[in-house]
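# Descriptive analysis of the structure
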Amino acid sequence: MPNTSYPPPDETVRARSLAKYRKRAASYDSTCGPTSSIRERAIAALNLRPEQAVLDVGCGTGLSLALLRAAVGEQGRVYGFDQSPEMLVQARQRADAAGWKNVELFECPAQELTLPTPVDAILFHYTHDILRSPLALDRLLAVAEHGAMVAIAGVKFFPRWLAPLNLWVYVKNHGYNGSPGELTSPWDRIAPHLSGWQMEPTQFGMGYLASGRLNKK
Ligand SMILES: C[S@@+](CC[C@H](N)C(=O)[O-])C[C@H]1O[C@@H](n2cnc3c(N)ncnc32)[C@H](O)[C@@H]1O
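Residues numbered from 1 in each chain as written. Predicted model: local features only at pLDDT ≥ 70, side-chain atom pairs only at ≥ 80, totals over all residues. Heavy atoms only, no water.

### Some details on the pattern of salt bridges
Following the criterion strictly, the structure yields 8 salt bridges and no others. For the salt bridge of aspartate 29 with arginine 94, the shortest nitrogen-to-oxygen distance reads 2.7 Å. Pair noted here: aspartate 29 is in the loop between helix H1 (10-24) and helix H2 (36-45) and arginine 94 is in helix H4 (residues 85-98), with a separation of 65 residues, a long-range link. Accessibility expressed as a relative area gives 27% for aspartate 29, which makes it partly exposed. Residue class for arginine 94 comes out partly exposed when judged on its relative accessible area of 27%. Taking the shortest distance from any N to any O, the salt bridge between glutamate 200 and arginine 41 comes out at 2.7 Å. With a gap of 159 residues between them, glutamate 200 in strand E6 (residues 194-202) and arginine 41 in helix H2 connect regions that are remote in the sequence. Glutamate 200 sits in the partly exposed class, given a relative accessible area of 37%. Looking at arginine 41, the relative accessible area reads 37%, which means it is partly exposed. A cluster of three or more residues bridged by salt bridges with shared partners is formed by Arg132, Glu182, Asp188 and Arg189. (Salt bridge = Lys/Arg side-chain N within 4 Å of Asp/Glu carboxyl O. Helix = DSSP H or I, 4+ residues; strand = E, 2+ residues; numbered from the N terminus. Buried < 20%, exposed > 50% of the residue type's maximum accessible area, 1.4 Å probe, protein only.)

As structure tokens, this is what we get:
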């Protein structure tokens, strides 16, 4: 009998996500204009300092890399990873073309990430599937220092009074994610690990921007 429980297991989500980004990768960057200011604000929320190490979770085509690198400087380190070869190849091309020596990219699922050094900050920018996977979160929080700054931006359902619009949010999200449900409070698995939690709606309520410090104690 197939497992019809929800959320689906990580392997199912992974297979769906890989298939979606295989198709989406070539045009992905052209769809990101409307969220570029959210990206900037999420990265600013990390309060990065020169020489820090930062992790770009599900870095995709690498649209956050330049800003992250500018914030940590030549002596800092930027790590990024993504499981989609078609997305990551573009991130690698971006880093190679710019000649960035302190940007290191890994092709792997979040659930299997290992890093050369622990990080001081983590960016989750539109990485819903990863936020919904307890295994992925455990792995990512393990590669960060206690007190690491974490910033998260993504899609959520509109508030209740705009509920009819949530069908559209669900369908839109379905185009990107292997596990498109659980949009009421997509942050609820990571929030308990963070202190100083702050969250604000974006995009008229169909998005959110959140941050906090990793509390490992
Ligand atoms: C909406 S894109 C966001 C890309 C990038 N963070 C950005 O802001 O442009 C989501 C990315 O997460 C990646 N992804 C989804 N699940 C993943 C997982 N379990 N491990 C690694 N990457 C994953 C996808 O391949 C895709 O590139």
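### A word on a nonpolar patch on the surface
Side chains of Leu167, Tyr170 and Val171 sit close together on the surface and give an oily, nonpolar patch of about 300 Å² of accessible area. Relative to the helices and strands, tyrosine 170 resides in helix H7 (residues 166-174). (Patch = residues over 30% accessible without salt bridge, like charges linked within 9 Å, V, L, I, M, F, W, Y side chains within 5 Å. Areas by Shrake-Rupley, 256 points an atom, 1.4 Å probe, with all protein chains shown as cover.)

### Points about unusual backbone geometry
Here asparagine 47, not a glycine, exhibits a phi torsion of approximately 50 degrees, which is positive. Mapped onto the secondary structure, asparagine 47 falls in the loop between H2 and strand E1 (53-57). Judged by relative accessible area, which is 49%, asparagine 47 ranks as partly exposed. For glutamate 182, which is not glycine, the phi torsion reads 55 degrees and is therefore positive. Within the secondary structure, glutamate 182 is located in the loop between H7 and E6. Residue classification places glutamate 182 among the partly exposed positions, given a relative accessible area of 25%.

### A look at the packing of aromatic side chains
Counted according to the given criterion, the structure contains 4 aromatic pairs. On the basis of an interplanar angle of 55 degrees and a centroid distance of 6.4 Å, the ring pair of tyrosine 21 and tyrosine 176 is categorised as tilted. Here the residue tyrosine 21 occupies a position in helix H1, and tyrosine 176 occupies one in the loop between H7 and E6, the gap between them amounting to 155 residues. Assessed through its relative accessible area of 13%, tyrosine 21 is described here as buried. Ring geometry for tyrosine 79 versus phenylalanine 106: centroids 6.2 Å apart, planes at 45 degrees, classification tilted. Placement of the pair is tyrosine 79 in strand E2 (residues 77-82) and phenylalanine 106 in strand E3 (residues 103-107), with a sequence separation of 27 residues. A cation over a ring is seen here: arginine 24 above tyrosine 176, with NZ or CZ 3.8 Å from the ring centre. (Phe/Tyr/Trp six-rings, centres within 6.5 Å; stacked < 30°, edge-to-face > 60°. Lys NZ or Arg CZ within 6 Å of the ring centre and 35° of its normal.)

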